[in-house]
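One letter stands for each residue in the lines below.
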Amino acid sequence: MKSTPPLSPYGVFSGQLFQYRSNPALVAFESSPPPLQHTPLITTKKCILLGGLSDGLIPTPYTSLLERTCHSLGWSLIQPIISSSYLGFGNGSLARDTEEMGMLMEYLVCHHDAEKFALVGHSTGCQNIVHFLKYGDEDMIQRIKVAALQAPVSDRESISITPGEHDANLKYAQDLVAQNKGNEMMPRSSFWAPITASRYNSLFSVSGDDDFFSSDLGVDGLSKRLGHVGAVGEKSGLKMLVAYSNEDEYVPSSVDKEMLLKQLVLAMNGSDLADSADETSAVARGLMLEHGNHNLSRGDHDMEIFVEKVGQLLKQVGSN
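Residues numbered from 1 in each chain as written. Predicted model: local features only at pLDDT ≥ 70, side-chain atom pairs only at ≥ 80, totals over all residues. Heavy atoms only, no water.

Focus on the sheet that holds strand S2 (residues 25-31)
- Taken together, the 8 strands give an open sheet; going across it, the order is S1-S2-S4-S3-S5-S6-S7-S8, and neighbouring strands pair in mixed fashion. Looking at the sheet topology across the chains shown, the edges are occupied by strand S1 (16-22) and strand S8 (284-289). The mean angle between the axes of side-by-side strands here comes to 20 degrees, regardless of whether they run parallel or antiparallel.
- The pairing of strand S6 (residues 144-150) with strand S7 (residues 239-245) spans 5 bridges and is parallel. (Pairing = 2+ DSSP bridges. Helix = DSSP H or I, 4+ residues; strand = E, 2+ residues; numbered from the N terminus. Axes fitted to C-alpha atoms, helices over the stretch in contact; angles between N-to-C directions.)

Some details on the confidence of the model for the chain
- On average, the chain scores 93 in pLDDT, and the residues at 70 or more come to 94%.
- Low confidence marks residues 272-277, where pLDDT is under 50. Its contacts with residues over four positions away, or in another chain, come to 9 contacts. (pLDDT = per-residue confidence, 0-100. Contact = heavy atoms within 4.5 Å.)

Points about the layout of surface pockets
- Empty space within the largest pocket amounts to approximately 560 Å³.
- Leu53, Ser158, Phe191, Trp192 and Tyr250 are, among the 28 residues lining the largest pocket, the residues nearest its centre.
- If you list the elements that add at least two residues to the lining of the largest pocket, you get helix H5 (155-159) and helix H6 (166-178).
- Looking at the lining of the largest pocket element by element, the count peaks at 3 residues for H5.
- For the lining of the largest pocket, the residue count by class is 10 nonpolar, 14 polar and 4 charged.
- In this structure, the second largest pocket spans a volume of roughly 290 Å³. (1 Å grid on protein atoms, 1.4 Å probe; cavity = no way out; pocket = protein on both sides within 12 Å on 5 of 7 lines; lining within 4 Å. Points joined across faces, edges and corners; volume = space filled by probe spheres on them. Nonpolar A, V, L, I, M, F, W, Y, C, P; charged D, E, K, R; others polar.)

So, the packing of helix H8 (residues 218-226) against helix H10 (residues 257-269)
- Packing of H8 against H10 brings their axes to within 8 Å, and their N-to-C directions diverge by 50 degrees. As summarised for this structure, H8 and H10 are arranged oblique, according to the angle between their axes. Here H8 and H10 pass one another in a crossing that is right-handed. Seen from H8, the contacting residues are Val219, Leu222, Ser223 and Leu226; seen from H10, they are Leu260, Gln263, Leu264, Ala267 and Met268. (Parallel < 35°, antiparallel > 145°, perpendicular 65-115°, else oblique. Left-handed = near helix turned anticlockwise from the far one by under 90°.)

Brief notes about a negative patch on the surface
- Taken together, the side chains of Glu247, Asp256, Glu258 and Glu290 present a region of like negative charge at the surface.
- For Glu258, the position within the fold is in helix H10. (Patch = residues over 30% accessible without salt bridge, like charges linked within 9 Å, V, L, I, M, F, W, Y side chains within 5 Å. Areas by Shrake-Rupley, 256 points an atom, 1.4 Å probe, with all protein chains shown as cover. Salt bridge = Lys/Arg side-chain N within 4 Å of Asp/Glu carboxyl O. Lys, Arg positive; Asp, Glu negative; His and termini not counted. Charge placed at Lys NZ, Arg CZ, Asp CG, Glu CD.)

A closer look at unusual backbone geometry
- In this structure, the amide linkage connecting Asn23 to the following residue, Pro24, adopts the cis form with an omega of 0 degrees.
- One can find Pro24 in the loop between S1 and S2.
- A positive phi angle, close to 60 degrees, is found at Ser123, a residue other than glycine.
- On the secondary structure map, Ser123 appears in the loop between strand S5 (116-122) and helix H3 (124-135).
- A residue is classified by how much of its surface remains accessible, and Ser123, at 11% relative accessible area, is buried. (Buried < 20%, exposed > 50% of the residue type's maximum accessible area, 1.4 Å probe, protein only.)

This is how it looks when you write it as structure tokens:
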């Protein structure tokens, strides 16, 4: 007899699985505070967890901890499947993700009594949040009261520390895009997952659609890509947490993580680098997780620290 497989490492969840789009068929899973699990969902506060490339349901090791924190504060946790989940990202785009996120939120408003939203993003899920805050449905944007970015790293800088002919691959992708052949697939040797020229270019070119967090963009470049976050916050009351891991294995060693985190926060708050944003009034605030890796599976208590900070924001906006 083969050895017994390990128990679900990121937790076991109970709740409701529902379809929020029929063509293509897209589903999401909602786990509500325990008293509500066997009754109609009536909590009006929904926290949506968005994973990174190749993630789907239960995308992070802190999913269960986040669920418990949400439940203790009267929020439900939503785990969606979008077309870009698992390996679907390779033929997708942030624009498609934003459209589907809007459909999910509209469904939750119409059928699950949603009034307030929180978005928690891991890795590329961070790009989804920033993109949605700029291009998403305006009514849904105004309902987002908390956003948390965990590991907002640059895919362009990340691929530079992996072996491969990246410059040649990028030129090949850009040539296809220029010939209106962006939907053509890249060679198998170019990436670890099936990917179109268009998405490859978006992820790995300077100022590509996914290029929000690169350290070489500087304050001005980051402000152009992230400055809308502060404007949304001033209008809707959004609070943004930016959490960076000091031992993130996908960030080149040459990147000054402390400085980059400061620049990301200041870009969102619309401040000059020399300014010091007031913690109580600033839309965005930073959190350096000293021993955390990319998905917080390692490091003493960094997972707990991150979720605790998210919980503080959920509590703050949930009472308003």
